[in-house]
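Summary of the model geometry
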Amino acid sequence: YEIVGFIGLIELGFAQIKDELEADCEARMDSAGWDAAKKDSKRAIELNNGRAAQMGILALMVHEKLDNNPYIINSLLGAPVDFNAGF
């Protein structure tokens, strides 16, 4: 429950500065000389990067559930870790 509460506090804090943050980002894009098309393109790129990161985390979780090994990259590199040894 602590992690849910912590995330809730972060969301509440972000909600208080959301408008200011959006205005700052918009001002920075305007000062860089970006037109509406370039802004939309950059927003779409950022959205796709976020989606790719979510898929990467999902893939790590799936790999862990397949063989109970959270360190799949170590196994691929030849240094497996016996994660649940002794349990």
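Residues numbered from 1 in each chain as written. Predicted model: local features only at pLDDT ≥ 70, side-chain atom pairs only at ≥ 80, totals over all residues. Heavy atoms only, no water.

**Topic: the overall build of the chain**
Within the chain, the regular secondary structure consists of three helices and zero strands. Secondary structure elements of the chain occur, N-terminal to C-terminal, as α-α-α. Put simply, the chain has 87 residues, and 3% of those count as buried. As presented, the chain carries roughly 7,600 Å² of accessible surface, and 63% of it is formed by carbon and sulfur atoms. (Helix = DSSP H or I, 4+ residues; strand = E, 2+ residues; numbered from the N terminus. Buried < 20%, exposed > 50% of the residue type's maximum accessible area, 1.4 Å probe, protein only. Areas by Shrake-Rupley, 256 points an atom, 1.4 Å probe, with all protein chains shown as cover.)

**A look at the confidence of the model for the chain**
On average, residues of the chain carry a pLDDT of 87, and 84% of them reach 70 or more. Summarising per-element confidence for the chain, the mean pLDDT is lowest in helix H3 (residues 72-76) (71) and highest in helix H1 (residues 2-31) (94). (pLDDT = per-residue confidence, 0-100.)

**Some details on H1**
In an α-helix there are 3.6 residues to a turn, and that puts residues three or four apart on one side. The end-to-end C-alpha separation of H1 is 41 Å, in line with the 44 Å expected for 30 residues at 1.5 Å each. Largest kink in H1: about 55 degrees, centred on Ile17. Note on H1: the residue one or two positions beyond its end, Gly33, has a positive phi of about 85 degrees. (Expected span 1.5 Å × (residues − 1). Bend = angle between axes of the 7 residues up to and from the residue.)

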